[in-house]
Amino acid sequence: MISTSQLAAIRAAHPVDKMARQWVKLRRYRKGYIGPCPICSTDPDKRGATKFECDADTWKCAVCRNGGDVIELFAKRNGLDFKGAVEWLGGTAEIKITPEIAKRAGARSHKDGQALGEVPAPYGDDPDLRVAFIAGWSESRRRADYETFARERERQRLWGFWNGCSEHGIDAVRSYLLARGIHAPWNAKLRLHPAMPYFGDGREREPRLIHRGPAMLAPILSAEPRFTGLHITWLELDLSGKAQILDPETGEVLPSKKVRGSKAGGYIDLGGCAPGEATRMIAGEGIETVLSVYTAMLRAKRDLSRTLFRAGIDLGNLAGRASETLAHPTIKTAAGRALRVPGSIADVSSPAMPVPDNITELVLLGDGDSDAFTTRHAMTRAAARHARPGRVVRVVFAPDGLDFNDLLKRNGRAPLLTEMDA
């Protein structure tokens, strides 16, 4: 058995940010770092990567949906169990507890949801260690309170962008979608912002403004539903396609899409019937994937009177976290090890795209232009997570190398239609 003080000593001796920087190139972001994920990224030096965030104590990745402390990072990065990771990081040897270790232990205690109360041994046995433990716990609480405040402030800021758009902006959005051969239901929650700012960092004060221009906005909603964030796609001035955005300092081509706010456990409402009247739901990773299938069904004159259309924002949120990672059969990390990717067994305690209880037929769309191994495990995980007695769950994949919009433009209708008739 390893004591809590030994675990605290291991964590203090191996800060997450220092450990992660051995594997990937990180850059400063707020009070920590962002960059490529040491677990799921294949380019450890990728500039502009933002999905992995960490500080000295914790980390999380928005792509592979993993997170935790340094032990969990080391374990998932190297395919080890908890015991194996602990042994690699120092084992069970007794370590002299310093005030720094005690402070980190106090912060961890707060993050684990433990009340301050009586300071546990051995920290309470020494006045200096006791003071350090309390200071760490208190500092963690102050930081958590501020993060709660900051999240709500960002939510209100994003609501202002959405609410400030004219509802008639859907007509401009339809022009962009039609250029890609896509129709949208009349009640799809999409609007156009004429001059949406694009920032290059997460600084609260004087953030670096890189671009400003028209953007398609889609609100991210929780199950309640409650507005929690925005999915943003910047467009060309003539709305003919996605904008090409360059970093003025490096010349790097930046993503034309961003998610701001909270997306975990959320979805994008792409319209259809009233949620309470729906018996079928069609969901995929992205807006254009789902609307391509809607368009194919519309052209085929299918009955859509009891169908909902929703986007899960990204593959990780569509399927939720996995309870295990698997070695990729072909992709290697920069260190030459097999890339670890989320497996097919769902961690049902983690959030994911919600599915209303009244849905009796759920169709999940898997694009074929993403890594097949990762995508198929994610869709298996999603199907298992959303399965219920009396509900049929189907997973339909686009052919390898294509997405559903490619199929729509090529054939005028997606193979989903015959699959749904099976």
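Just so you know, these numbers come straight off a predicted model, no measurement behind them.

Q: Can you break down the packing of helix H5 (residues 99–111) against helix H6 (residues 127–163) residue by residue, with the values?
A: For the pair H5 and H6, the least separation of the axes is 7 Å and the interaxial angle reads 40 degrees. By the angle between their axes, H5 is oblique relative to H6. Note on packing geometry: the crossing formed by H5 with H6 is right-handed. Contacts between H5 and H6 involve Pro99, Ala102, Lys103, Ala105, Gly106, Ala107, Ser109, His110 and Lys111 on the former and, on the latter, Leu129, Ala132, Phe133, Gly136, Trp137, Glu139, Ser140, Arg141 and Ala144. Here the contact of H5 with H6 is built from residues that sort into 9 nonpolar, 5 polar and 4 charged.

Q: Describe the pairing of strand S13 (residues 280–284), listing the residues and the values that go with them.
A: Counting buried residues in S13 gives 5 out of 5 residues, a clear majority hidden from the surface. Judged by which residues are buried, S13 turns out to be covered on both faces: Arg280, Ile282 and Gly284 on one side and Met281 and Ala283 on the other are all buried. Where S13 lies against strand S14 (residues 307–311), 5 bridges are found, and the strand directions are parallel. The residue bridging Ile282 from the neighbouring strand is Phe309, located in S14. In this fold, the crossover linking S13 to S14 by way of helix H8 (residues 287–299) has right-handed handedness. In this sheet, strand S17 (residues 361–366) lies alongside S13 in parallel orientation, the contact comprising 5 bridges. Counted as the bridge partner of Arg280 is Glu361 from S17.

Q: Any details on the sheet that holds strand S4 (residues 59–61)? Residues and values, ideally.
A: Read from one edge to the other, the open sheet built from 5 strands follows the order S1-S2-S3-S4-S5, with strand pairing classed as antiparallel. In the strand order of this sheet, the two ends are held by strand S1 (27–29) and strand S5 (67–68), each with one partner. Of the strand pairs in this sheet, S4 and S5 are connected by 2 bridges, and their pairing is antiparallel. Paired with Lys60 across the bridge in S5 is Gly67. Packing of helix H3 (residues 70–78) onto the sheet brings it into contact with strand S3 (52–54), S4 and S5, and relative to S4 it is tilted by some 40 degrees.

Q: Run through the pattern of salt bridges, naming residues and quoting values.
A: A complete count under the given rule lists 19 salt bridges for this structure. Note that Arg143 and Glu139 form a salt bridge whose closest N and O atoms lie 3.8 Å from each other. With Arg143 and Glu139 both in helix H6, this residue pair falls 4 residues apart, about one helical turn. Residue Arg143 is classed as partly exposed on the basis of its relative accessible area of 31%. According to the relative accessible area criterion, Glu139 is partly exposed, its value standing at 32%. Connected through shared salt-bridge partners, Arg11, Asp69, Arg108 and Asp112 make up one network.

Analysis parameters
Residues numbered from 1 in each chain as written. Predicted model: local features only at pLDDT ≥ 70, side-chain atom pairs only at ≥ 80, totals over all residues. Heavy atoms only, no water. Axes fitted to C-alpha atoms, helices over the stretch in contact; angles between N-to-C directions. Helix = DSSP H or I, 4+ residues; strand = E, 2+ residues; numbered from the N terminus. Parallel < 35°, antiparallel > 145°, perpendicular 65-115°, else oblique. Left-handed = near helix turned anticlockwise from the far one by under 90°. Contact = heavy atoms within 4.5 Å. Nonpolar A, V, L, I, M, F, W, Y, C, P; charged D, E, K, R; others polar. Buried < 20%, exposed > 50% of the residue type's maximum accessible area, 1.4 Å probe, protein only. Pairing = 2+ DSSP bridges. Right-handed = clockwise from strand over helix to strand, strands pointing away. Salt bridge = Lys/Arg side-chain N within 4 Å of Asp/Glu carboxyl O.

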